[in-house]
Amino acid sequence: MNTDDAIKVLKDNGHKYTDKRRDMINMLHDTSKYLNAKQMQEVLNEKYPGISFDTIYRNLNLFDELNIIEVTELDGEKKFRLSCTTHHHHHFICEKCGETRVVEFCPIATFEAELDNVEIHSHKIELYGLCERCK
């Protein structure tokens, strides 16, 4: 998803387009990692002095509800990135630096074969480890 698509989703769902929201979306778009709310607050505080943690989290929760972002938990902390809407894939996430890479292979057929008489509606597979730089 790009910034314009995310802003369109906001508007199409009756939410205001604000500079703060645009800057949050741009920040998530411009990185190859999942970011936590504190990292985002530190960057946004330069342009919006005193921006609250609650403001960051409120917007991240809205973005999550609208499927603008993806959320994962790493080291007991929620982290966020802009949704990948290009095609179905999964992610490798470096546990040290947070770098995120696309994994094209999807093992869903294996799970479906093992789970007779179930109906799988969705899935999300994340692989965690260390990238080349961090290992």
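These figures come from a predicted structure and were not determined experimentally.

So, how was this worked out
- Residues numbered from 1 in each chain as written.
- Predicted model: local features only at pLDDT ≥ 70, side-chain atom pairs only at ≥ 80, totals over all residues.
- Heavy atoms only, no water.
- Domains from an automatic or database assignment.
- Contact = heavy atoms within 4.5 Å.
- Buried area = accessible area lost by both parts, 1.4 Å probe.
- Salt bridge = Lys/Arg side-chain N within 4 Å of Asp/Glu carboxyl O.
- Helix = DSSP H or I, 4+ residues; strand = E, 2+ residues; numbered from the N terminus.
- Buried < 20%, exposed > 50% of the residue type's maximum accessible area, 1.4 Å probe, protein only.

Draft legend 1. Region of interest: the domain arrangement of the protein. Taken domain by domain, the protein comprises domain 1 (3-82) and domain 2 (90-129). Taking only C-alpha atoms, the centre of domain 1 and the centre of domain 2 are 24 Å apart. Taken together, the contact pairs ten residues of domain 1 with eleven residues of domain 2. Contact between domain 1 and domain 2 buries roughly 780 Å² in total, counting both sides, with carbon and sulfur atoms accounting for 47%.

Draft legend 2. Region of the structure containing the pattern of salt bridges. For the structure on display, the rule yields eight salt bridges. The shortest N-O distance in the salt bridge between Asp-19 and Arg-22 comes to 3.1 Å. Of this pair, Asp-19 and Arg-22 both sit in helix H2 (residues 19-29), three residues apart, roughly one helical turn. Exposure remark for Arg-22: the relative accessible area of 22% places this residue in the partly exposed category. Among the ionic pairs, Glu-132 bridges to Arg-101, the shortest N-O distance being 2.4 Å. Here Glu-132 is found in the segment after strand E5 (126-129), whereas its partner Arg-101 is found in strand E4 (residues 100-103), with 31 residues between them in sequence. With relative accessibility at 54%, the residue Glu-132 sits in the exposed group. Its relative accessible area of 31% is what places Arg-101 among the partly exposed residues. Salt bridges sharing common partners tie together Asp-19, Arg-22, Asp-23 and Lys-47.

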